[in-house]
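What the coordinates show
Residue-level listing of the chains:
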Amino acid sequence: MMHILSSMEALGVDSQIKEGFVGLLVLSDESATGQLELSKDNAIFTLPKKISRQKNKRELFDLYAHLPSGERVTLIDCVSLEGESYARRGHKKIYETEIIYPKLIAYGDEYISSDAPRVQAVHYEFDNFEALFHGDGSFGYFHARKEELIDLLRGNHERSRKISLKNGWGDPEFSIHVGENPIIQYYNGQSELFRCHTSIGEVVFSNSYATGPGSPVGVSIENRVAVSVELNKIISVYEITPILSRLHSFFELCLGRRLRYQKISVGLSDGYIDNDEKVKNKLNIFWCGVNRKVASDLSAVSSSSVLIPAARRKDEFLTVLAGWLNTASDMDDSRFRFATAFYNGSYTVDRLVGAANMFDLLPDRCVPDKLNFCEEDRIFINDAKQILKNIVDENIKQSALSSIGRLGRPHLADRVCHRADIVNGAFKGLFPDFHLVCREAVKCRNHYVHGEAAKINYVENDLLVVFFTDTLEFVFAASDLIELGWCFNLWLRDGGWHKFRNYVSDYNVALNRLKSVLRASGKVLDS
């Protein structure tokens, strides 16, 4: 029988909606109480009975509930996959449950409808941010002279003394002990690091710090960099996920690894003033299952490994980020396909095929122009289409029409080589015989997709399949970033580890291996 937590059990559970949360939610109309479980993989809300609901325009539904503490919780874009389940003793029904899977969970002082345009800002954090923003100068320490520290402490005492006297708390004594080798930790007080102007709004990077009191253990200033998007237009809460995905995918590429989403929230356009005269215009967001593909024990990334370090190359970073977001409308598909391949820990045929598929998804502006047919050929092609439409077998007809429809379009190999030229143009001579490698990579893909005959035994030469996969992924991402303003040569100069670094370092060795295999297969190569 399903176990619903008792009220006493729930009191012992952290009420914050986060990964690992297990607790009770009471529906807003008090008609039922269910159990919410949040894990890395998904979120499950179990109700002891089937309830009625109204679907939104995406054929999903929202549920409104509250924690025992009174905090309001909205389960957004829910689906009920398992329907009703029963346990029977004889012919008597013991209970029925409904299991509900939300996409987002909003929690705070009020409910929110997934369709209502109320969101004017989106905020979030991600792990390993320190590598990206290393060297911005916000925090540091230095060895001071004894007199310098005494002057600082005396000034701080005078400010505190004025406040104490004003409030009738007495006149505190100035008593300090300063040695000969004091150390001063500091935060420079600059909240906003920088902002980026984009087509969707302002992307703002800010320090979010916390201090601890001095003790025998020491003193600390802890910080995280928060990312905010101040939107040009007010949107619905369900529309925040593509915005976050685009931002996050850029940061992941810069650091060369999957990153965890953390502390997502939204700023509302229609907040209210509470009884304490505080403005309430923020809701926290839990994005269910978004971190399922991210390792729980991520090691730190070196600041020298970042493709575009935000602090050290600020203008370049902001230029490329703005371009990334401004071109998202026609690059989303191909970049998403890249991410599904690039961060895969193992090399498989599926990864190779996915890496090639990225180039098929590129918009026309990123690939060679289509061939322009003369009028005579255009008439002939149109006549051929009309004849092919008379084929009885529907599958054969569609295959034939599809093939003739691709006439004049650049082939996959041409697309890849076109993007490779962008990379070679940024650093001439670094990748000799790049076209040869790219075309062999496409032949390998065609062998596994279409069954085309291959001169290379890819099973015996599996390292070449790895090389081809890396080539396609590198060409795709590097050409994308270079077009947006990435200084490829500065990254090469700065050194550091990134998944791309291995490819650049090993390129000539892998190229020679490929040439040796091709010569052994009978292919004649230029000297």
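The paragraphs below set out a description of the structure included in this document. Note that the structure is a prediction, hence the values are computed from the model and not measured. (Residues numbered from 1 in each chain as written. Predicted model: local features only at pLDDT ≥ 70, side-chain atom pairs only at ≥ 80, totals over all residues. Heavy atoms only, no water.)

Considerations on the nonpolar core
Core analysis: the largest hydrophobic core is formed by 109 residues, its most contacted members being F205, F251 and F317. Of all the elements, helix α12 (residues 462-484) adds the most residues to this core, at 13 residues. Apart from residues no more than four positions distant in its own chain, F317 is found in contact with L132, F194, F205, F250, F251, I308, P309 and A310. Of all hydrophobic cores here, the second largest spans 22 residues; its members include L36, L38, A43 and C288. (Core = buried A, V, L, I, M, F, W, Y, C linked by side-chain atoms within 4.5 Å. Buried < 20%, exposed > 50% of the residue type's maximum accessible area, 1.4 Å probe, protein only. Helix = DSSP H or I, 4+ residues; strand = E, 2+ residues; numbered from the N terminus. Contact = heavy atoms within 4.5 Å.)

Things to note about the pattern of salt bridges
Under the defined criterion, the tally for this structure stands at 23 salt bridges. Connected through salt bridges with shared partners, the residues E192, R195, E202 and E230 form a single ionic network. (Salt bridge = Lys/Arg side-chain N within 4 Å of Asp/Glu carboxyl O.)

Brief notes about the pairing of strand β11 (residues 192-197)
Two elements, β11 and strand β12 (residues 201-211), share five bridges in a ladder whose sense is antiparallel. Note that in β12 the partner of C196 across the bridge is V203. Connecting β11 to the next strand, β12, in antiparallel fashion are three residues. (Pairing = 2+ DSSP bridges.)

Overview of the environment of G140
Take G140: it is sitting in strand β9 (residues 139-143). Owing to a relative accessible area of 25%, G140 belongs among the partly exposed residues under this scheme. In sequence terms G140 and I184 are 44 residues apart; their C-alpha atoms lie 8.5 Å from each other.

Examining helix α11 (residues 434-450)
Given 3.6 residues per helical turn, the α-helix brings residues three or four places apart onto the same face. Between its first and last C-alpha atoms α11 spans 24 Å; for 17 residues at 1.5 Å apiece the expected length is 24 Å, and the two agree. Along α11, the positions that sit buried rather than exposed are F434, L436, V437, C438, E440, A441, V442, C444, R445 and N446. Trailing α11 by a residue or two, G451 shows a phi angle of about 75°, which is positive. (Expected span 1.5 Å × (residues − 1).)

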